[in-house]
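What follows is the residue order along each chain.
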Amino acid sequence: MHRRHELPPAPVLAALLPPGAVPPALREAVSRLLRGWGHGWDELELIGTASVAPARRVVADEVWVFALAAGPLAIGDELASGAGRVAGLGVSAFRGGVIPVTPYRAQVYETLHRRGGSDEGPSERPPGPAVPVSVEPLSAGA
């Protein structure tokens, strides 16, 4: 008898957001990471949030999602990394504070697509309506 191999929980796209919605401390941390990869903030193709339900937990956590390149995605799609680098980071609310608090967690992808997308065969659920993934350029004062 063969047991079906279950994949670990993947982030589920919850919302697409404009660059101005990103908290300044998180934007700074993501920008620093992108510079290390040879890219800049203005090259991001996707900024959003996703819910992540860790194994054996009912309540999902929210994580910010950033991608330099993204395939067609819809709210509710499980996310998967494409080719390239992926990094996770957390930003604390207190700089030099005593209490270690990490209110912002983020996943940064070079390439992002829907889990079960073209690289992994057909999806188990029909795709939802496509959501544009381009973001507005930032103004000089943002």
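Reading the values: the criteria
Residues numbered from 1 in each chain as written. Predicted model: local features only at pLDDT ≥ 70, side-chain atom pairs only at ≥ 80, totals over all residues. Heavy atoms only, no water. Helix = DSSP H or I, 4+ residues; strand = E, 2+ residues; numbered from the N terminus. Buried < 20%, exposed > 50% of the residue type's maximum accessible area, 1.4 Å probe, protein only. Contact = heavy atoms within 4.5 Å. Areas by Shrake-Rupley, 256 points an atom, 1.4 Å probe, with all protein chains shown as cover. pLDDT = per-residue confidence, 0-100. Polar contact = N/O pair within 3.5 Å; in protein donor to acceptor, adjacent residues only side chain to side chain. Phe/Tyr/Trp six-rings, centres within 6.5 Å; stacked < 30°, edge-to-face > 60°. Core = buried A, V, L, I, M, F, W, Y, C linked by side-chain atoms within 4.5 Å.

**Q** Which residues make up the overall build of the protein chain, and what values go with them?
**A** Counting its regular elements, the protein chain contains one helix and six strands. Ordered by position from N to C terminus, the α and β elements of the protein chain give β-α-β-β-β-β-β. By the burial criterion, 32% of the 142 residues in the protein chain qualify as buried. Intrachain contacts of the protein chain at a sequence separation of at least 6 include 72% that bridge at least 24 residues. Entry remark: accessible area of the protein chain is about 8800 Å², with carbon and sulfur atoms responsible for 56%.

**Q** A description of the confidence of the model for the protein chain should follow, citing residues and the corresponding values.
**A** Of the residues in the protein chain, 65% have a pLDDT of 70 or more, and the chain-wide mean is 77. A low-confidence stretch, residues 118-142 stays under pLDDT 50, and its non-local contacts, those more than four residues away or across chains, total 39 contacts.

**Q** Just give me the short version of the side chain of D77, but keep the residues and values in it.
**A** Structurally, D77 can be placed in the loop between β3 (61-70) and β4 (79-81). Looking at D77, the relative accessible area reads 2%, which means it is buried. Polar side-chain contacts of D77 include one of 2.8 Å to the backbone nitrogen of A74.

**Q** Which residues make up the environment of R105, and what values go with them?
**A** Tracing the backbone through its elements, the reader meets R105 in strand β6 (residues 104-114). Each C-alpha atom of the pair R105 and T49 lies 9.9 Å from the other, and the pair is 56 residues apart in sequence. Sequence-distant contacts of R105, defined by excluding residues within four places in its chain, comprise D61, E62, V63, W64, L89 and G90.

**Q** Describe the packing of aromatic side chains, naming the residues involved and giving the relevant values.
**A** Across all of its chains, the model carries two aromatic pairs by this definition. When the centroid spacing of 5.9 Å and the interplanar angle of 55° are considered together, the rings of W41 and F66 count as tilted. Remark: F66 occurs in strand β3 and W41 occurs in the loop between α1 (24-36) and β2 (46-52); sequence separation between them is 25 residues. For the pair W41 and F66, a shared accessibility class is recorded, and that class is buried. Measuring from ring centre to ring centre gives 6.3 Å for W64 and F66, while their planes differ by 15°; the resulting arrangement is stacked. For the pair W64 and F66, a shared accessibility class is recorded, and that class is buried. Put simply, the rings of W41, W64 and F66 touch in pairs and so form one group of aromatic residues.

**Q** Quick one: what's the story with the nonpolar core, residue by residue and with numbers?
**A** Counting residues in each nonpolar core, the largest one holds 17 residues, and the members touching the most others are L26, V30, F66 and L89. For this core, the secondary structure elements donating two or more residues are α1, β3, β5 (86-91) and β6. Among the elements that line this core, the one with the most residues is α1, at four residues. Of all hydrophobic cores here, the second largest spans 11 residues; its members include L13, V63, A67 and Y109.

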